[in-house]
Amino acid sequence: EAVVSTQSTGAVFLRENKDSIKFAVNYPIASLVILILYVQANVICVHILLGLPLVACLDGAYDTLSAIICWWLVFFCPGDLFFKAFQNFAPLQFAIRVICEARHARLVMIACQEGHHYYPNHLTIISLCGLVDGCSGRLMMSLDRLVRGEFAAEGDGDNELKQVSEVTKASLVLAIFYGLIITGALPLSPALGVLCGALFMVALLLNNILLGRRDPFIPIQNAFWKVACSKHQKIE
């Protein structure tokens, strides 16, 4: 259920891009590939980082089939019923987003454990694996924009390294937290760590819903840069 929720959300996200319907109708294979790249971005990015086979993202036949079904429902469902139901039924949106945030927290832990498997007790690599897993969807947007070409809007798929998103910042916090747990620096079990991480991600989701698109990390970020780079101001 969590996988399908993520795939549905990913398909809806891609549907909201500029000329997404026109692109899906004219180039259905490219549209489907973009969705699979997006929902499997965590496996792809972490395996690139660790030098592992990329075909692992296609290991689960069920995941691939469900991605195809979600893509069809979002882009080609008769009467556009699925997309309209998702957009107009707020409780469904909220439930799916909560599931996705909880799954996000669990996948970051899995990536950290995978890094620990190949590089035992190496906090930097473990945390980096978790960070890359957590922000992989954002990193994949640049490839998405390249594939869509002329159908990509100027603001679609912004470079994550130039404009760091709230998702990436939250993933960094989770990755370091999980890394400390895995290396034994924090006396918590991985399961309890994932629960704390899921609550953290849901709290950020509620912050966005109640306060709008407001990044809670900005005050910390501004304070850090004021101390670390106070000599220079941003050049417009």
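My aim in this report is to walk through the structure given alongside it, one point at a time. A quick note: this is a predicted structure, and the numbers were derived from the prediction, not measured.

## Considering the side chain of Asn42
Inference 1: Of note, Asn42 is situated in helix 4 (residues 41-50).
Inference 2: In this structure Asn42 comes out as buried when scored by relative accessible area, which is 12%.
Inference 3: A distance of 3.4 Å separates the side chain of Asn42 from the side chain of Asp133, its partner in a polar contact.
Inference 4: Each residue touching Asn42, except ones within four places of it in the same chain, is listed here: Leu107, Asp133 and Ser136.

## Here we look at helix 11 (residues 190-211)
Inference 1: Spanning 22 residues, helix 11 covers 31 Å between terminal C-alpha atoms, matching the ideal 32 Å at 1.5 Å per step.
Inference 2: Every buried residue of helix 11 is listed here: Gly193, Val194, Gly197, Ala198, Met201, Val202, Leu204, Leu205, Asn207 and Asn208.
Inference 3: Those residues of helix 11 that are buried lie in contact with helix 7 (90-118) and helix 10 (166-182).

## Structural notes on the state of the cysteines
Inference 1: By the definition in use, this model includes zero disulfides.
Inference 2: Here Cys112 is not cross-linked by a disulfide; its sulfur's nearest cysteine counterpart is in Cys129, at 7.2 Å.

## A look at the packing of aromatic side chains
Inference 1: Within the structure shown, the criterion is met by five aromatic pairs.
Inference 2: On the basis of an interplanar angle of 45 degrees and a centroid distance of 5.5 Å, the ring pair of Phe23 and Tyr27 is categorised as tilted.
Inference 3: A centroid spacing of 5.2 Å and a plane angle of 70 degrees characterise the contact between Trp71 and Phe76, whose relative ring orientation is edge-to-face.
Inference 4: You can call Trp71 buried: its relative accessible area is 9%.

## A look at the packing of helix 4 against helix 8 (residues 123-134)
Inference 1: Where helix 4 contacts helix 8, the axes come no closer than 8 Å and their chain directions differ by 150 degrees. One way to sum up the angle between helix 4 and helix 8 is to call them roughly antiparallel. Considering the relative orientation of helix 4 and helix 8, their crossing is right-handed. For the pair helix 4 and helix 8, the contacting residues are Asn42, Cys45, Val46, Leu49 and Leu50 in the first and Leu128, Cys129, Val132 and Asp133 in the second.
Inference 2: Taken together, the residues that form the contact of helix 4 with helix 8 break down as seven nonpolar, one polar and one charged.

The rules we used
Residues numbered from 1 in each chain as written. Predicted model: local features only at pLDDT ≥ 70, side-chain atom pairs only at ≥ 80, totals over all residues. Heavy atoms only, no water. Helix = DSSP H or I, 4+ residues; strand = E, 2+ residues; numbered from the N terminus. Buried < 20%, exposed > 50% of the residue type's maximum accessible area, 1.4 Å probe, protein only. Polar contact = N/O pair within 3.5 Å; in protein donor to acceptor, adjacent residues only side chain to side chain. Contact = heavy atoms within 4.5 Å. Expected span 1.5 Å × (residues − 1). Disulfide = S-S within 2.5 Å. Phe/Tyr/Trp six-rings, centres within 6.5 Å; stacked < 30°, edge-to-face > 60°. Axes fitted to C-alpha atoms, helices over the stretch in contact; angles between N-to-C directions. Parallel < 35°, antiparallel > 145°, perpendicular 65-115°, else oblique. Left-handed = near helix turned anticlockwise from the far one by under 90°. Nonpolar A, V, L, I, M, F, W, Y, C, P; charged D, E, K, R; others polar.

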